[in-house]
Amino acid sequence: MNVVQLLTPKSAVAYLNEKMTLRQALEKMENHRYTCVPVLNAEGGYAGTITEGDLLWAIKNKYNLNLKNAEQIPLADIARKRDYQPVNINAHLNELVVMAMTQNFVPMVDDREAFIGIVTRKDILQYCYSNFINKEGTEEVHTSQKITAR
């Protein structure tokens, strides 16, 4: 199975650039209602992930902020608790499954380490569930709604 089939491309992903400010990050995360977002460097490479918690702890521990001051703080200056580990575009599904056990999404990079998109935990589970149902030979779905594979 080619994991690219599960990819949500960069063009459809909300992401931040390290040069963006704290205020821009807060507004983008609020607008998309995401709690965790990939961060890219100036070259478009994957630099890590930033969470609401990372932003809130930075505000509490490092900065005496209002929104005007938040415009002066680049994301690169904010400590991150942990970064979601990316996989190469040539990764195998089992790598994605293992990573999705501890990450809401798996960032994907190309051979040059450029960020190309994400694979969500939901997409991985839907794919695995669909294949499980097909192998079991049953069409019955035991959830409140029918799941469709991409």
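Residues numbered from 1 in each chain as written. Predicted model: local features only at pLDDT ≥ 70, side-chain atom pairs only at ≥ 80, totals over all residues. Heavy atoms only, no water.

1. Side note on unusual backbone geometry
To be explicit about the condition: Runs of H or I in DSSP of at least four residues are treated as helices and runs of E of at least two as strands, each being numbered from the N terminus.
A positive phi angle, close to 60°, is found at Arg33, a residue other than glycine. Tracing the chain through its elements places Arg33 in the loop between α1 (22-32) and β3 (36-40). Although it is not a glycine, Glu113 adopts a positive phi angle of roughly 70°. Structurally, Glu113 is set in the loop between β6 (105-109) and β7 (115-120).

2. Quick notes on the packing of α1 against helix α2 (residues 52-61)
Heads up, the condition is: Here, axes are lines fitted to C-alpha atoms. For helices the fit covers the stretch in contact, and angles between N-to-C directions go from 0 to 180 degrees. Handedness of each helix crossing follows the sense of rotation of the near helix against the far helix: counterclockwise by less than a right angle gives left-handed, clockwise gives right-handed. The contact criterion used is simple: two residues touch if any of their non-hydrogen atoms lie within 4.5 Å. Just so you know the grouping, Ala, Val, Leu, Ile, Met, Phe, Trp, Tyr, Cys and Pro go in nonpolar, Asp, Glu, Lys and Arg go in charged, and all remaining residues, Gly too, go in polar.
Interhelical geometry of α1 versus α2 gives an angle of 140° and a closest axis separation of 11 Å. Crossing of α1 against α2: the hand is left-handed. Of α2, the residues touching α1 (which contributes Leu22, Ala25, Leu26 and Met29) are Glu52, Leu55 and Ile59. Grouping the constituent residues of the contact of α1 with α2 by class yields six nonpolar, no polar and one charged.

3. What to know about the environment of Ile124
Quick reminder of the rule: Only protein chains enter the accessibility calculation, which uses a 1.4 Å probe. A residue is then buried if its area is under 20% of the maximum for its type, exposed if over 50%, and partly exposed in between.
On the secondary structure map, Ile124 appears in helix α5 (residues 121-136). Residue classification places Ile124 among the buried positions, given a relative accessible area of 3%.

4. Side note on the side chain of Gln103
What counts here: The term polar contact refers here to a pair of N or O atoms within 3.5 Å; inside protein, the definition further demands a hydrogen-donor-capable atom paired with an acceptor-capable atom, and it admits residues adjacent in sequence only when both atoms are side-chain atoms.
Following the sequence through the fold, Gln103 ends up in the loop between α4 (93-100) and β6. With a relative accessible area of 3%, Gln103 lands in the buried category. Within the structure, Gln103 has its side chain in polar contact with the backbone nitrogen of Gln85 (distance 2.8 Å). The residues contacting Gln103, other than those within four sequence positions of it, are Arg82, Tyr84, Gln85 and Arg121.

5. Details of the pairing of β7
Test applied: Following DSSP output, two strands are said to pair if at least two bridges run between them.
As paired strands, strand β1 (residues 8-9) and β7 are joined by two bridges and run antiparallel to one another. Among the inter-strand pairings, Thr8 is bridged to a residue of β7, identified as Ile118. When β6 meets β7, the two strands line up antiparallel, connected through five bridges. Across the sheet, the residue bridging to Phe105 is Thr120, located in β7. Counting the residues between successive antiparallel strands, the hairpin from β6 to β7 contains five residues, one of them, Glu113, with a positive phi of roughly 70°.

6. Structural notes on the pattern of salt bridges
Applied cut-off: When a carboxyl oxygen of Asp or Glu lies within 4 Å of a side-chain nitrogen of Lys or Arg, that pair is called a salt bridge.
This structure, assessed with the given rule, holds four salt bridges. Ionic pairing is found between Glu71 and Arg23, a salt bridge with its closest N-O pair at 2.5 Å. On the criterion of sequence distance, the pair formed by Glu71 in the loop between α3 (67-70) and β5 (87-88) and Arg23 in helix α1 is long-range, its members being 48 residues apart. With a relative accessible area of 28%, Glu71 lands in the partly exposed category. Across the pair Asp110 and Arg112 runs a salt bridge, and its minimum N-O distance is 3.3 Å. For Asp110, a relative accessible area of 15% corresponds to the buried category. Residues joined in a network through salt bridges with shared partners are Arg23, Glu27 and Glu71.

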